[in-house]
Amino acid sequence: MIPTMFLGGASMQGAKWDSVDDPYWAQTTLLLRMNGAAGSETFNDSSSFGREVLATGSDFWVTSEQSKSGGTSCRSNGDGGHLRATNSTATELSGDFTVEAWIYWQATPSAGSAPFGLYKTGPTNMNVQRWTDNKLYTNESGDKITGTTTVTDNVWHHVALTRSGTTVRMWLDGVQEGSTWTSSATYGINGNYTYIGSASDGGLVIGASTADGYIDLVRITKADRYGTSSFTPPADY
């Protein structure tokens, strides 16, 4: 059966989103499906931008232990290091955007645990993180959005950050968390990196000091995919 997927509340069909069935394909600047042989430390960007993705050895690797889609995901042991994509002028997020990923936590973090982190000019880090109270926060030199839903362990969660105009929203499993935040900054600046599974080099790494965590289906789009209403997160893309 062909799976049904959703885009801003409208269903779409197809095994994978690509230039045929994703209207935002040309604006998708990063797509990590975490495919590969178990144990591999090589991660490929499936978007048309083909960005270089760098992983430090023995910190992030492909595994078949857990998967949201495709039979594999990225495992993080939380020991530090990084999984990061190089930025360019073409991939900078100066307008509307969606940054999203599927995350599988196995335990409450002993410190912040960030699905992703990006830098703006300064450089100042902006990230989404699960804190020790098991809530999500959007942080940029202090908390900007505070989540209210308790994040549970041993289940896949869709985490997303969107911007429409200057209005930023944080989402957990298709439901908006907390209030909105106003920002007109450019993120993912040229000359820096976009971090996956951490906020920065060795900072707020998923799985740190607890149990290993898993990451799958990371996607960044230069468009607001989800609007202002609750949505069903796409199970594959």
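Further up the page is the structure itself.
Here goes a summary of the coordinates provided.

Regarding its fold elements, the protein presents zero helices and 17 strands. Taking the principal axes of its C-alpha atoms as reference, the protein extends roughly 40 × 40 × 35 Å. Here the protein, with 237 residues, has 54% of them falling under the buried criterion. For the protein, contacts bridging at least 24 residues in sequence account for 61% of all contacts bridging at least 6. Element-wise, carbon and sulfur atoms account for 46% of the exposed surface of the protein, whose accessible area totals about 8800 Å². Counting 15 positive and 23 negative side-chain charges, the protein places the centres of these two groups 4 Å from one another.

Our focus in this paragraph is the sheet that holds strand β4 (residues 53–55). In spatial order, the strands read β4-β7-β16-β9-β10-β11-β12; together these seven strands make up an open sheet with antiparallel pairing. Sheet topology places β4 and β12 (143–146) at the edges, where each strand pairs with a single neighbour. In this sheet, adjacent strand axes meet at a mean angle of 20° when their direction is disregarded. Bridging between strand β10 (residues 124–130) and strand β11 (residues 136–139) involves four bridges; their strand directions are antiparallel. When the bridges of β11 are listed, Gln129 appears paired with Tyr137.

Of all the nine residues making up strand β13 (residues 156–164), eight are buried; the element is thus mostly covered by neighbouring parts of the structure. Alignment of strand β8 (residues 97–104) against β13, held across eight bridges, turns out to be antiparallel. Along β13, the bridge assignment pairs Phe97 with Arg163. The pairing of β13 with strand β14 (residues 167–172) spans six bridges and is antiparallel. Residue Arg163 lies in a different strand from β14, and its bridge partner there is Val168.

Residues Met34 and Ile215 are the most contacted members of the largest nonpolar core, which totals 37 residues. Here the element with the most residues in this core is β8; it accounts for four residues. The residues touching Ile215, leaving out its near neighbours within four places in the chain, are Met34, Phe60, Ser73, Cys74, Trp102, Ile103, Trp156, Ile196, Gly197 and Ile206.

Glancing now at the environment of Thr194. By the secondary structure assignment, Thr194 is in strand β16 (residues 193–196). Of the residues examined, Thr194 reaches a relative accessible area of 3% and is grouped as buried. For the pair Thr194 and Leu30, spaced 164 residues apart in sequence, the C-alpha to C-alpha distance is 9.6 Å. In this structure Thr194 touches Arg51, Leu83, Arg84, Ala85, Asn87, Gly117, Leu118, Gly188 and Ile220, once residues within four positions along its chain are discounted. At a separation of 3.4 Å, a polar atom in the side chain of Thr194 contacts the side chain of Arg51. A polar side-chain atom of Thr194 sits 2.8 Å from a polar atom in the side chain of Asn87.

Okay, the environment of Gly39 next. With respect to the secondary-structure elements, Gly39 resides in the loop between β3 (28–32) and β4. You can call Gly39 partly exposed: its relative accessible area is 43%. For the pair Gly39 and Val62, spaced 23 residues apart in sequence, the C-alpha separation works out to 5.2 Å. Ignoring sequence-local partners within four residues, the contact set of Gly39 consists of Trp61 and Val62.

If you trace the backbone, Leu172 turns up in strand β14. Under the relative-accessibility criterion, Leu172 is labelled buried at 5%. Taking C-alpha positions, Leu172 is 8.1 Å from Thr149, a pair spaced 23 residues apart along the chain. Ignoring sequence-local partners within four residues, the contact set of Leu172 consists of Leu136, Thr149, Val151, His157, His158, Val159 and Glu177.

Reading the values: the criteria
- Numbering of residues begins from 1 in every chain and follows the order in which that chain's sequence is written.
- With the structure being a predicted model, the display of local features is reserved for residues of pLDDT at least 70 and the display and counting of side-chain atom pairs for 80 or more, all residues being used for whole-chain, interface and lining totals.
- To obtain the side-chain values, all non-hydrogen atoms of the structure were included, while hydrogens and water were left out.
- Helix and strand labels come from DSSP, where a helix needs a run of H or I of at least four residues and a strand needs a run of E of at least two; each type is numbered from the N terminus.
- Three exposure classes are used, based on accessible area relative to the maximum for each residue type with a 1.4 Å probe and protein chains only: buried under 20%, partly exposed in between, and exposed over 50%.
- Only heavy atoms enter the contact rule, under which two residues are in contact if any of them lie within 4.5 Å.
- Accessible surface area values rest on a Shrake-Rupley calculation with a 1.4 Å probe, where residue burial reflects the displayed protein chains alone.
- Here Asp and Glu are counted as negative and Lys and Arg as positive; His is not counted, and neither are the chain ends.
- By convention, the charge on Lys lies at NZ, on Arg at CZ, on Asp at CG and on Glu at CD.
- Here a strand pair is declared whenever DSSP counts at least two bridges between the two strands.
- Here an axis means a line fitted to C-alpha atoms, over the contact stretch when the element is a helix, while the angle between two N-to-C directions is reported on a 0 to 180 degree scale.
- Buried residues of nine kinds, namely Ala, Val, Leu, Ile, Met, Phe, Trp, Tyr and Cys, make up a nonpolar core once their side-chain atoms join them within 4.5 Å.
- Side-chain atoms alone can form a polar contact between residues adjacent in sequence; in general such a contact is a pair of N or O atoms within 3.5 Å, and within protein one must be able to donate a hydrogen while the other accepts it.

Structural measurements only, silent on function.
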